[in-house]
Amino acid sequence: MREYKLVVLGSGGVGKSALTVQFVQGIFVEKYDPTIEDSYRKQVEAENQQCMLEILDTAGTEQFTAMRDLYMKNGQGFVLVYSITSQASFNDLSDLREQILRVKDTDEVPMILVGNKCDLEDERIVTREQGEQLAKEWRSSFLETSAKSKINVENIFFDLVKQINKKTPEPKRKKKKSSGCALL
Amino acid sequence: MAAIKHALQRDVFTPNQERLLGVVHVGKTGGKKKKSSFLCASVTTERPVEVYISRIKRQEKGETYKKQKTWQLKELKIVNGKESDKQTTDFDLQFDKNFKWSASSVAEKHTFLACLWKLCHRYLPRQSKPTFANIPQSLLEVSVSGTETSRGTSNLPGPDEDALEDYQALTDQEETDLERMITECEFAISDAEAFSNSLSRDLSVLDGQNIHSIMGSEVQVNSLMLLLDNALNEVSEIEARLDDYDLMVGAIASQMGQMKNQESFIQITNKNHSRLLEELDKLVMQLDLSKGHVKALREANLKHDSGIEACTSAAEALQQAMEVELPKGLSKLQAVSDQQKLFDTLRQMFAKRLYEHLITVFAKQGSEHPGSSLTKQTNELKLPKHFPYHRDLLPYKQLILWLKVADKTKYTQLCTVYTQNLNKLYSQEIKDFLTTAKQRFIQQANIDEDIGSAALRATSRSTLALNTAAFDSQSRRLTLSKKLSSSIKNLSGSQQNLAVKEKKKLFGSTQSLVKPKSKKLRIGHKKRGLAASRESLAASDFELSDREKFSSTFREVLSELEPTCQDEERFLTKFFHLNVESADTMMPGGSDDEEDDTEQGVASRKKYQEAQVTKDIRRMMTEIFSIVEPELSQLVAFGEELDPLNSLNMLVVIGQRVTQAQQDNDGSFLAKMLGNCLIEVKRNFDNFVRNKVDAVEDAHLGKNKKCGILPFVQDFEDFVELAESIFRDSERRTDIDKAYKSLIKSVFQAIERVAGESHKTPPEVVMFENYHHLLNCLSSLKIASLDQEKRDVKLRYNNYLDSYVTSMLGRPLEKLSNFFEGVEQVIETGVRPEEVGFQLKFSKQELRKCIKEYSGKDVKKGLESLHHKIVKHTAENENRLQRVVWQHMQEEFIRQYKRFEDLISKCYPESHISLEFTIENVLQYFSDIAYSQ
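Since the model is a prediction, treat every value here as computed from it, not as a measurement.

**Quick look at the environment of V361(B)**
Then comes step 1: Looking at where V361(B) falls in the secondary structure, it is placed in helix α11 (residues 334–367).
Then comes step 2: In this structure, the C-alpha to C-alpha distance between V361(B) and D392(B), residues 31 residues apart in sequence, is 9.3 Å.

Shown next, in the form of structure tokens:
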């Protein structure tokens, strides 16, 4: 079974953990508790094959940024999340993307731009067009999602798996047993 | 005609300053034939030119003329020539009214009309021109063509202005002379020759007379000439004198002018002088540096406060003098450039002096022997305070500011030197400090001195060579030996009461075991891991307090480190002036290029500057405290090695710090460093939890052991208890809650799995025992996030208990049960209860037969064996649970009993049949059996 190392990045409070937990456990976490770092494993069927997704949910707050390089080195696909209710969170992403490209030392990394909290249409500040425009510049995918209303949550990760498969077709099937230690 | 015209001109028009241009001799048509008057057209000689038409009459007596009436030309409306078909002398002029005239001749009339037309053409504007009617076209055209002058009679003055001006009337004198001369020679006309002869004769006579008179008057002329000469002499004399005067006056005038110029020059010069003086004063004021200052800069002692003060003020003065903005070109002045050169050398010299001095100060501080401080802190967890250093350095603050402005490179170098020195100092201090801390941990972990010192050696070695293999093996040995020791403790069965001395002995023996066995042990590590961690958890009281000690020590470490960092940061900011105000000079160019004064621009620039400053501070701090982060993560790793449970403590402690630091300053060095540590710890924590989950999942049951409470359940309970004590009010609750959830989930699965594997004990027992235990544990701890799980546990517990009781108790009164089931079936088919007894199968005899089979004694016996089984199934130390099970059994038994009684009283009323034992008997049996144990 192929493993995919996905990293969720973005400013604090945009809903990285909410999206991840919604995807992995199907629960919407209402309470805000700044994440330090959490990793999850989930087995899914994508593109007609079983995949093990190892999702790293990272800290958004400024303090923990020093470890980002490490995440970026190890990650294969990146979810860049902003909140449609915060212009700043949207603006921060460009720096993040540049950092990823720098660490990876390449022009193209499987990546998806995600505008979360799209259920809060009343408080919207970043328009859909802005998101699409940015994604177009980056030549990456784009989704508007809502962890609360379960909109497009799964698509994020499936899209990323697809991108990774396209970029690096599965290497020879190694007989590698998954370590079996899963955080549930 | 010409004579008339001449006369008219002379008598009438010349006195009026007019010039006669056209004249016609007319008479009134239809009137007397007497040609009595002349019509004249005249123009004024003065401008503006007026054109008049006047009628002039000749006086009867004498040759005088009189102007009778005058019209202006513009009054003329119509000129009628009356010559449409044939020539006539008549013509009309219409002014205010029509006048009819007839000229003396056609030619005369034509000439006059042409003259009129010409005048009209010349002097009147087109619109007020009179109409010329019935005049031969040729007349008008001719006059227009302007050839009139050549064609006109010589006597008539040409209509052209030039021709008019050429004409000079004879003066009266000439005329009269001429006339007289002609009258004197009446024969002139008849005999021209004679006349000319007489004339020439006269002329010669006159010539002679002239000559005579000229010659006669010569004397007079001579005297006149003399007089004239005299007069001329006089005049020239006067002129000469006048010239003298003039010369004199002229000299004075030029002198006066010069004086005037000179005065204004003097004024300008004065003004310039005073201005120059002013400028120079200002310049000198600005550029002057008092001798005291120069001296201070050159040789003041930087070691003393007074010297520093003098230098500070001198440096400021120098800076001010150097910053003076001189007008362009002034720097070309020798003195100014000399002064500037002097300043420059002063600046460089002083900068160098200051730099060197500070470097020695830094070096001294940096190399301050930490040994002395080490000795006193061996048992005290304290970082040496840098307050005195800071106090010593702060007086130089202003000088540093000066240096920053004056000599950027020196400033930067100074920063580097400072950071290097302090880095050395802090590295040493912090290393020592953390070694002490580790020592403390080891002591607290109650490990034998030997091992402790070995570990200390190991760690101190490892601090020197970060994470060398030696450290790895040593510390692993340490953990292993610790685990081994606890397992030995366990074996001896008296681990809690073991005296230190005994432990020492045990250690002595195990230590020798460690080496050969360590490899083997490591292989078995994973399997033993569960037991070992369980033991380390279960190792109860003193270890718990140990952990508290660990976290308190860890807290101490952090609370020592934190103020040190903060102090240093504050000091750096103050000492090296790392703030926004002086940040402009920190970023050469950068911000100046994008100078925009919009409010937003300013705000964003300020933000940028702030970020820049924070970055600068952080960079310096990172340089100074480069040791802290690896050391701290090493400490974390050390704590983790010492006891994985420590990551719980560390998570809480650092988490707390991080939130605090976050509130203070998000981007500061400390906050970042702690953030990194926290991630490290969090990973350890996650690892720990994952290992626990793995251990639970891998758990298997000992083959011949009675199952009882599964070790991992016990372990979970201990873990939760401990974690609760650590996390109770922490901000990181969510993390531990997540851990709980994943742990308890795996515990559930493991219980079910292990229950299925169990051979000796029925699965139900395994399950209800363990669930019961879990339930107790969860109820007593009251963890909000595990409420759902608690309910689940309760449900499972009850289900499994019930199913155990029913399966174990079964139907202790088998035959009776069968009998009454039959009865119930009959009743269900519709037979009335009272009539059941009449059926053969369920007669009273049958009932009595059944009842007889179960005497009280038999029942008691059956119950005793049942109890025995229960005791065998359940764990020895679970008396309470046994009683609970027994109670359940009793209830179930009584329920059956009551059912029978009920049915008997319903179906066999008044038969007085009853079971051979009463409820009291049953209760007695149960309690007897329970107490007998």
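Now that the structure has been shown, we can carry on.
**A few points about helix α27 (residues 711–727) of chain B**
Then comes step 1: Across its 17 residues, α27(B) extends 23 Å between first and last C-alpha, which sits within 8% of the 24 Å expected from 1.5 Å per residue.
Then comes step 2: The buried count for α27(B) comes to 13 of 17 residues, which makes it a mostly enclosed element.

**Observations concerning the UniProt feature "coiled-coil region" (unreviewed entry) in chain B**
Then comes step 1: Taken from the UniProt record, the annotation "coiled-coil region" (unreviewed entry) applies to residues 221–248 of chain B.
Then comes step 2: Segment residues 221–248 of chain B splits into 100% helix and 0% strand. End C-alpha atoms: 39 Å apart.

**Topic: the pattern of salt bridges**
Then comes step 1: A complete count under the given rule lists 22 salt bridges over all chains for this structure.
Then comes step 2: Here D33(A) ties to K31(A) by a salt bridge, and the two come within 3.1 Å at their closest N and O atoms.
Then comes step 3: K31(A) gets classed as exposed once you look at its relative accessible area, which sits at 60%.
Then comes step 4: For E54(A), the salt bridge goes to R41(A), with nearest N and O atoms at 2.9 Å. Of the two residues, E54(A) sits in strand β3 (residues 49–58) while R41(A) sits in strand β2 (residues 37–46), which places them 13 residues apart along the sequence.
Then comes step 5: Salt bridges sharing partners connect three or more residues here, namely D38(A), K682(B), D686(B), D735(B) and K738(B).

**Some remarks on unusual backbone geometry**
All names here are of chain A.
Then comes step 1: Non-glycine residue N48 carries a positive phi angle of around 60°.
Then comes step 2: Within the secondary structure, N48 sits in the loop between β2 and β3.
Then comes step 3: Residue classification places N48 among the exposed residues on the basis of a relative accessible area of 73%.
Then comes step 4: Look at K117: it is not a glycine, yet its phi comes out positive at around 65°.
Then comes step 5: Inspection of the secondary structure puts K117 in the loop between β5 (111–116) and α4 (128–138).
Then comes step 6: Under the relative-accessibility criterion, K117 is labelled partly exposed at 24%.

**Remarks on the interface of chain A and chain B**
Then comes step 1: The partner chain B presents 26 residues to the 20 residues of chain A that form the contact.
Then comes step 2: Here chain A meets chain B over a buried area of about 2100 Å², counting both sides, of which 52% is carbon and sulfur.
Then comes step 3: Counting every contact that joins chain A to chain B gives three salt bridges.
Then comes step 4: Note that D38(A) and K682(B) form a salt bridge whose closest N and O atoms lie 2.6 Å from each other.
Then comes step 5: Taken together, chain A and chain B are joined by four residue pairs in polar contact (both at pLDDT 80 or more).
Then comes step 6: Here the side of chain A that touches chain B takes four residues from β2(A), the largest share from any one element.

**Considerations on a nonpolar patch on the surface**
Residues and elements named next belong to chain B.
Then comes step 1: A contiguous nonpolar surface patch, about 460 Å² in accessible area, is contributed by V221, L224, M225, L227 and L228.
Then comes step 2: Examined against the element boundaries, L227 turns out to sit in helix α8 (residues 218–287).
Then comes step 3: Given a relative accessible area of 58%, L227 falls into the exposed group.

Quick notes on the rules
- Every chain begins its residue count from 1, and numbering advances along the sequence as written.
- Written order determines the labels here, with chains lettered from A and ligands numbered from 1.
- Two thresholds apply to this predicted model, a pLDDT of at least 70 for residue-level local features and 80 or more for giving and counting side-chain atom pairs, whereas whole-chain, interface and lining totals are computed over all residues.
- Derived side-chain values reflect all non-hydrogen atoms in the structure, with water molecules and hydrogen atoms excluded from consideration.
- Helix and strand definitions here come from DSSP, where helices need a minimum of 4 consecutive H or I residues and strands a minimum of 2 consecutive E residues; each element is numbered from the N-terminal end.
- A helix is expected to reach a length of 1.5 Å times the quantity of its residues less one.
- Only protein chains enter the calculation, and the probe is 1.4 Å; a residue is then buried if its accessible area is under 20% of its type maximum, exposed if over 50%, and partly exposed in between.
- UniProt positions are given in the numbering used here, feature names are shortened, and annotations may be inferred rather than shown by experiment.
- When a carboxyl oxygen of Asp or Glu is within 4 Å of a side-chain nitrogen of Lys or Arg, the pair counts as a salt bridge.
- Two residues qualify as a contact provided that any one of their heavy atoms is within 4.5 Å of a heavy atom in the partner residue.
- Two parts lose some accessible area (1.4 Å probe) when they are put together, and adding that loss for both gives the buried area.
- We call two N or O atoms a polar contact when they sit within 3.5 Å, provided that within protein one can donate a hydrogen and the other can accept it, with sequence-adjacent residues counted only if both atoms are side-chain atoms.
- Only residues above 30% relative accessible area that lack a salt bridge enter a patch, with like-charged residues linked at up to 9 Å and the nonpolar side chains Val, Leu, Ile, Met, Phe, Trp and Tyr linked at up to 5 Å.
- Accessibility throughout is a Shrake-Rupley quantity obtained with a 1.4 Å probe, and a residue counts as covered only by protein chains that appear here.

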